[in-house]
Amino acid sequence: MGSGQVTSSVSSRRDGSPEFHGKHVTVAGLGVSGIPAATVLHGLGAKVTVVNDGDDARAREQAAQLQALGVTVRLGDGATLPEGTDLIVTAPGWKPDKPLFTAAAEAGVPVWGDVELAWRLRGPDAAPWLCVTGTNGKTTTVQMLASILRAAGLRTAAVGNIGVSLLDAVLGDEPYDVLAVELSSYQLHWAPSLRAHSAAVLNLAPDHLDWHGSMEAYAADKGRIYEGNRVACVYNVADRATEDLVRGADVEEGCRAVGFTLGTPAPSQLGVVEGILVDRAFVENRQRNAQELAEVSDVRPSAPHNVANALAAAALARAFGVPPAAVREGLRAFRPDAHRIAHVADVGGVAYVDDSKATNTHAAQASLAAYESIVWIAGGLAKGATFDELVAGSAKHLRGAVLMGADRALIREALARHAPEVPVVDLDRTDTGAMLQAVTEAQRLAQPGDTVLLAPACASMDMFTNYNQRGDAFAAAVRELEA
């Protein structure tokens with residue numbers, strides 16, 4: 001694949017960053033990463049051609065902006081390798097088996113993602129990267145980490161798959177002290193040279209297998225985040241697969257494996273003791289000593305999986321030398337984004353919680369484990385997922401279930417197999433108005449003390465633009481109940 005060992009006719013300057021002047025670079029894909037990459041490369045003197053599969057009104061508008069700069073754009077033709085290409089810089093979502101990349105491999109043309117480009121364009125005094133990946137919790141953990149770093153007085157930003165563009169962060173006039181970097185499996189696949197100060201894999205569960213081809217390939221791409229780490233490889237004690245990735249990583253001499261756990265930590269771990277987040281990794285005499293960092297109540301919301309996120313963020317911050325007081329202050333200052341186990345309202349003694357961001361089974365399982373008695377609203381696009389393990393593990397929490405969306409039958413069948421006593425409402429509609437009916441049906445099933453939980457375990461695009469719109473529809477429906 002094009003993401004393997006990178007050799008290229010793109011030379012390097014004395015500071016080690018690449019010299020693009022006069023080189024032919026093909027940018028694969030318009031959009032969030034493609035337009036900044038094309039703009040930056042053009043500014044560095046490269047001869048840039050952008051190729052894009054789509055040719056709709058939005059693509060033509062974006063193409064016109066780039067063409068005004070002198071960039072060549074080919075719409076509706078993302079499969080053909082432009083003649084003379086020295087390097088491809090791809091949007092992270094483009095699958096490795098696309099014909100463009102097959103042609104690149106045959107021609108010996110390397111393929112980078114925007115993360116790889118940003119990494120190689122860093123200056124000689126570039127800020128270190130503290131990197132986070134995982135099937136779920138990446139965004140929250142990176143935002144927590146950035147909050148902790150700011151509390152320590154460090155100039156930082158949450159970048160990568162969220163927040164500030166990585167290219168803007170590494171090329172901006174204002175220098176950062178350290179960057180908190182969220183990385184998806186797609187981005188890691190196309191970033192062969194990345195070498196973080198420290199990195200964490202939060203968890204691993206089947207996701208995006210249609211893109212990666214197998215769970216093994218997905219895990220291998222996640223594991224790239226540990227390659228070349230200098231200080232700490234942070235892993236989840238409860239998820240053995242993350243520790244296995246650490247064991248297989250080629251790191252710098254002296255780099256340590258640091259675990260996080262919701263239980264009592266062993267030496268070289270962070271964990272929880274009687275409601276206190278404690279550090280037994282970055283302390284003197286860790287065989288005997290532990291350092292208090294914060295209280296569980298400082299983490300909001302303090303659901304178990306969110307406490308795990310906080311411990312991972314704290315581990316990366318401590319690896320960078322952040323003092324304990326800043327960990328506490330940063331966690332207290334943090335506020336999660338919308339649609340992440342967000343309490344919407346209490347109506348008639350029933351809590352309504354929006355976790356629309358739970359777009360896969362692993363995220364939904366964590367959300368379902370946070371509440372005792374639940375009426376579950378679920379369904380959407382399954383993305384190849386199966387639901388037996390999720391339902392079997394969560395059945396004891398379910399008062400009822402309301403299903404909607406294109407692949408709801410898969411969840412209904414899993415409920416019939418593993419929770420046949422749970423009443424199920426199957427909404428045979430995929431229009432956006434289905435959410436109000438779903439919330440109304442959930443209210444009918446719920447009893448005082450229950451939680452009506454939107455944790456779809458599926459993607460949203462069958463009915464909504466994205467998970468944000470789905471969560472907004474849920475909140476609007478709950479407000480109608482209150483009226």
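The structure displayed is predicted, hence computed values, not measured ones. (Residues numbered from 1 in each chain as written. Predicted model: local features only at pLDDT ≥ 70, side-chain atom pairs only at ≥ 80, totals over all residues. Heavy atoms only, no water.)

1. Side note on the packing of helix H5 (residues 138-151) against helix H12 (residues 324-333)
Running from N to C, H5 and H12 point in directions that differ by 125°, and their axes come no closer than 7 Å. Considering the angle they form, H5 stands oblique to H12. The handedness of the crossing between H5 and H12 is right-handed. From H5, Met144, Ser147, Ile148 and Ala151 reach across to H12, where they touch Ala326, Val327, Glu329, Gly330, Leu331 and Ala333. Here the contact of H5 with H12 is composed, by residue class, of seven nonpolar, two polar and one charged. (Axes fitted to C-alpha atoms, helices over the stretch in contact; angles between N-to-C directions. Helix = DSSP H or I, 4+ residues; strand = E, 2+ residues; numbered from the N terminus. Parallel < 35°, antiparallel > 145°, perpendicular 65-115°, else oblique. Left-handed = near helix turned anticlockwise from the far one by under 90°. Contact = heavy atoms within 4.5 Å. Nonpolar A, V, L, I, M, F, W, Y, C, P; charged D, E, K, R; others polar.)

2. Side note on the nonpolar core
In this structure, Phe20, Leu41, Val50, Leu117, Trp129, Leu179 and Tyr226 are the most contacted members of the largest nonpolar core, which totals 56 residues. Aside from chain neighbours lying at most four places away, what touches Tyr226 is Ala199, Ala200, Val201, Cys233, Val234, Tyr235, Thr242, Leu245, Val246, Ala249, Asp250 and Val251. Core analysis: the next-biggest nonpolar cluster, separate from the first, contains 43 residues, Ile162, Ala232, Val258 and Phe260 among them. (Core = buried A, V, L, I, M, F, W, Y, C linked by side-chain atoms within 4.5 Å. Buried < 20%, exposed > 50% of the residue type's maximum accessible area, 1.4 Å probe, protein only.)

3. Let's talk about the confidence of the model for the protein chain
Detailed reading of the predicted coordinates is not advisable wherever pLDDT is low. Summing up the model confidence of the protein chain, the mean pLDDT is 92 and the portion of residues at 70 or higher is 95%. Below a pLDDT of 50 lies the segment residues 1-7, which in the model reaches 16 contacts outside its immediate sequence neighbourhood of four places, other chains included. (pLDDT = per-residue confidence, 0-100.)

4. Here we look at helix H3 (residues 99-107)
Restricting attention to buried positions, one finds in H3 the residues Leu100, Phe101 and Ala104. Down the axis of H3, the buried side of the element spans an arc of 90°, and every buried residue falls inside it. Where the residues of H3 are buried, they touch strand E3 (24-28), strand E4 (47-52), strand E6 (87-90) and strand E7 (111-113). Gly108 sits one or two residues past H3 and shows a positive phi near 75°. (Arc of directions from axis to C-beta.)

5. Quick notes on the pattern of salt bridges
Tallying each qualifying case throughout the model produces 19 salt bridges. Among the salt bridges present, the one from Glu243 reaches Arg247, with a minimum N-O distance of 2.8 Å. With Glu243 and Arg247 both in helix H10 (residues 240-247), this residue pair falls four residues apart, about one helical turn. Asp428 is paired through a salt bridge with Arg408; the nearest N and O atoms lie 2.7 Å apart. Of this pair, Asp428 sits in the loop between strand E21 (424-426) and helix H16 (434-445) while Arg408 sits in helix H15 (residues 408-418), and the two are 20 residues apart along the sequence. Where salt bridges share partners, they join Glu292, Asp298, Arg328 and Arg332 into one cluster. (Salt bridge = Lys/Arg side-chain N within 4 Å of Asp/Glu carboxyl O.)

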